[in-house]
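One-letter residues, chain by chain:
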Amino acid sequence: FPVENIRNFSIVAHVDHGKSTLADRLLELTGTIDKTENNKQVLDKLQVERERGITVKAQTASLFYNCEGKQYLLNLIDTPGHVDFSYEVSRSLSACQGVLLVVDANEGIQAQTVANFFLAFEAQLSVIPVINKIDLKNADPERVENQIEKVFDIPSDECIKISAKLGTNVESVLQAVIERIPPPKVHRKNPLRALVFDSTFDQYRGVIANVALFDGVVSKGDKIVSAHTQKTYEVNEVGVLNPNEQPTHKLYAGQVGYLIAGMKNVIEAQIGDTLYLHKQPVEPLPGFKSAKPMVFAGMYPVDQSEYNNLKSAIEKLTLNDSSVTVHRDSSLALGAGWRLGFLGLLHMEVFNQRLEQEYNASVILTTPTVPYKAVLSSSKLIKARRAVQKNMIFIDQNRVMLKYLFPLNEIVVDFYDSLKSLSSGYASFDYEDAGYQTAELVKMDILLNGNTVEELVTVVHKDKAHSIGKAICERLKDSLPRQLFEIAIQAAIGSKIIARETVKAYRKNVLAKCYGGDITRKMKLLKRQAEGKKKLRKIGNVEVPKDAFIKVLKTR
Ligand code: GTP
């Protein structure tokens, strides 16, 4: 393929504005997939994506399209829409020269429309606005055109109005891709320079790296070097994604495809790495800013004997999702495990679900927390910062864009859900990191009959300590079995008790149901009770079953 007949582009949109549906139509129109009912969301390959109807991983597909006697190669890189995955979006954009910005003709510009537009704009890509769902009864494409002109400064006549669902006007989207997006600027005669923009792990074939070639050519049998590790590999397979892997003899600069080179290890396949030919070193490509985790949670195997299996599952999945950070951790109650960092709450849930579905792992996930920096000085005395309004822009008469500075902890757990329900689903939300701010935070202890439960120590905002402490005490009360004496469950800040629950005394008589004198049965029951006790942890005189910790620490 001559470079001038190649286009690399991405589709970006707010969640549910129809990106995947448009991708499916483009695949059908170019004959990449057959037009059947079963082809819904072809690029959403993961089970979790199909179940939740969201895109999590960016996927790539090469489309062939004939236009005015010329054949074009259009590389479509799908991207996720949810805030938690914007890291995937910026990564995918590094392999593109243009984007289709899909906007729902009824909902208009939403939070991630704005966020995605600026990602593309900063990467200096051509932006083609596509107004989708014009078939809807309440569709108002003219209003959306005006919004686009006002907010993004794109002339309204550049908008393409389509119905991805019905296929209306989708052909003109392909035309615009060819006319408005420039071909990649690459040099085939130069030595190979390939960017690893994504990688996945296959149980049998090892690492499959998705690459965008900026310079040169790569063929099966070539010796390549990773700029990051300086390790040399032999290329076993190269090919294009159609959208399934289809081997080819070579990949040329300007193309996007995959490469398998016997990389077996997680660390070997760094996303953002540059690959070059052995003995022909090149200046590495800029790579990517590493994603910054915002939400942290502990992860433990349900059974410690599963530790090694879970470890390998986490390693493989983090290869597929390098935005997750992993540190070894251990808990008195839950044993050896990890502390994982995620980009957001949905990201955490999806990771957990993928571990269960794709790797058959069963895990305990603890309540998520956000990072704090503690400064040991009087500056804690400064008044806590609540949400501060930064600016307000009217997109049109009906829609306003508000910018606020929030403590991350306030938005991380249920803010998005509350915002959606308060606004009857009309409001949308996106966020970016604004750095650390001072706040009045306190360390809260949970006590059982006066003894601290180390597993449950948390850092909370002073104003929320009471309600959070109360909730933890209540959950603990519900999951602690009664014992021979009364148990006081308390939440405390320093020496001050801020919440209390009581578990009444009770004697569990395991023999109560044994009438008559079957001594072997009695012995068996007593033995079982003794074994059960081994799984308990003693805090002072109070016995806490592992299960109780799980109930308090778990998110769901
Ligand atoms: P994420 O992958 O989560 O970002 O969502 P998405 O942007 O890919 O949206 P998707 O393609 O899954 O579409 C969301 C919903 O809108 C689905 O129920 C589609 O059937 C529907 N939809 C997409 N395009 C159209 C359209 O042109 N008209 C109508 N009426 N519905 C559409």
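Definitions and cut-offs
Residues numbered from 1 in each chain as written. Predicted model: local features only at pLDDT ≥ 70, side-chain atom pairs only at ≥ 80, totals over all residues. Heavy atoms only, no water. Helix = DSSP H or I, 4+ residues; strand = E, 2+ residues; numbered from the N terminus. Contact = heavy atoms within 4.5 Å. Areas by Shrake-Rupley, 256 points an atom, 1.4 Å probe, with all protein chains shown as cover. Pairing = 2+ DSSP bridges. Axes fitted to C-alpha atoms, helices over the stretch in contact; angles between N-to-C directions. Buried < 20%, exposed > 50% of the residue type's maximum accessible area, 1.4 Å probe, protein only. Patch = residues over 30% accessible without salt bridge, like charges linked within 9 Å, V, L, I, M, F, W, Y side chains within 5 Å. Salt bridge = Lys/Arg side-chain N within 4 Å of Asp/Glu carboxyl O. Lys, Arg positive; Asp, Glu negative; His and termini not counted. Charge placed at Lys NZ, Arg CZ, Asp CG, Glu CD. Expected span 1.5 Å × (residues − 1). 1 Å grid on protein atoms, 1.4 Å probe; cavity = no way out; pocket = protein on both sides within 12 Å on 5 of 7 lines; lining within 4 Å. Points joined across faces, edges and corners; volume = space filled by probe spheres on them. Nonpolar A, V, L, I, M, F, W, Y, C, P; charged D, E, K, R; others polar. Polar contact = N/O pair within 3.5 Å; in protein donor to acceptor, adjacent residues only side chain to side chain.

A.B. asks: Looking at this model, I keep getting lost on the overall build of the protein chain. Mind explaining?
C.D. replies: Scanning the protein chain for helices and strands turns up 13 helices and 29 strands. Considering only contacts in the protein chain between residues 6 or more positions apart, those separated by 24 or more positions represent 67%. With the model as given, the accessible surface of the protein chain reaches about 28000 Å², and the carbon-plus-sulfur share is 50%.

A.B. asks: Looking at this structure, I do not really get the sheet that holds strand β10 (residues 223–226). What am I missing?
C.D. replies: Strand pairing in a sheet is mediated by backbone hydrogen bonds. Such pairs are either parallel or antiparallel. Read from one edge to the other, the open sheet built from eight strands follows the order β11-β10-β16-β7-β8-β15-β12-β13, with strand pairing classed as antiparallel. Of all the strands in the sheet, the pair left with one neighbour each is β11 (232–234) and β13 (245–248). Within the sheet, the average angular offset between the axes of one strand and its neighbour, ignoring direction, is 40°. Pairing geometry for strand β7 (residues 193–202) and strand β16 (residues 274–277), over two bridges, is antiparallel. Along β16, the bridge assignment pairs L195 with T274.

A.B. asks: Mind showing me how you'd approach the environment of L317 here?
C.D. replies: Along the chain, L317 turns up in helix α7 (residues 307–320). Overall, L317 belongs to the buried group, its relative accessible area being 0%. Along the sequence, L317 and F351 sit 34 residues apart, while their C-alpha atoms lie 8.0 Å from each other.

A.B. asks: Can you walk me through a negative patch on the surface in this structure?
C.D. replies: Taken together, the side chains of E149, D153, D157 and E158 present a region of like negative charge at the surface. Positionally, D153 belongs in the loop between α5 (141–152) and β6 (160–161). With a relative accessible area of 67%, D153 lands in the exposed category.

A.B. asks: Is there a simple way to think about helix α4 (residues 111–122) in this case?
C.D. replies: Helix length check: α4 (twelve residues) gives 17 Å between terminal C-alpha atoms against 16 Å at 1.5 Å per residue, within 8%. Regarding α4, the residues found buried are A111, Q112, T113, V114, N116, F117 and A120. Two residues or fewer past α4, Q124 is found with a positive phi of approximately 60°.

A.B. asks: How should I be thinking about empty space enclosed by the protein in this particular structure?
C.D. replies: To find the voids left in a structure, one rolls a probe of water-molecule size over its atoms. Evaluated as defined, the whole model comprises four cavities of 30 Å³ or more. Taken as a whole, the largest cavity holds about 70 Å³ of empty space. Looking at the largest cavity, it is lined by 13 residues, and the ones nearest its centre are N8, A95, Q97, L213 and F214. Considering every element that reaches the lining of the largest cavity, the biggest residue donor is strand β8 (residues 206–215), with three residues. Its residues assigned to classes, the lining of the largest cavity shows eight nonpolar, five polar and no charged.

A.B. asks: How should a nonpolar patch on the surface be read in this particular structure?
C.D. replies: The grouping of V400, L402 and Y404 at the surface amounts to a nonpolar patch, some 250 Å² of accessible area in total. Along the chain, the position of L402 falls in strand β22 (residues 399–405). Note on L402: relative accessible area 42%, which makes it partly exposed.

A.B. asks: What exactly am I supposed to notice about the pattern of salt bridges here?
C.D. replies: Two side chains bearing opposite charge may form a pair once their charged atoms approach each other closely. Evaluation of the coordinates by the stated rule reveals 14 salt bridges. Bridged by salt links that share partners, the residues E142, E145 and K161 form one connected network.

A.B. asks: Would you mind showing me how to read the environment of T325 here?
C.D. replies: You can see T325 is positioned in strand β18 (residues 325–331). Taking the C-alpha atoms as reference, T325 lies 7.0 Å from F342; in sequence the two are 17 residues apart. Excluding anything up to four places from it in sequence, T325 contacts P293, F296, R339, L340 and G341.

A.B. asks: When you look at the pairing of strand β4 (residues 98–104) in this model, what are you seeing that I'm missing?
C.D. replies: Along any regular strand the residues' side chains alternate between the sheet's two faces. Along β4, seven of the seven residues are buried, which leaves the element largely enclosed by surrounding structure. Residues G98, L100, V102 and D104 line one face of β4 and the alternating positions V99, L101 and V103 line the opposite face, and both faces are buried. Of the strand pairs in this sheet, strand β1 (residues 6–13) and β4 are connected by five bridges, and their pairing is parallel. Residue V12 lies in a different strand from β4, and its bridge partner there is L101. Judged from the seven bridges that link them, β4 and strand β5 (residues 126–132) form a sheet pairing that is parallel. The partner of V102 across the bridge, within β5, is V130.

A.B. asks: For this particular structure, what's the right way to read the side chain of S163?
C.D. replies: Tracing the backbone shows S163 in the loop between β6 and α6 (170–180). For S163, a relative accessible area of 1% gives the class buried. Within the structure, the side chain of S163 is placed 3.0 Å from the side chain of D135, a separation counted as a polar contact. Beyond its immediate stretch of four places on either side in the chain, S163 contacts N132, K133, I134, D135, T168 and V170.

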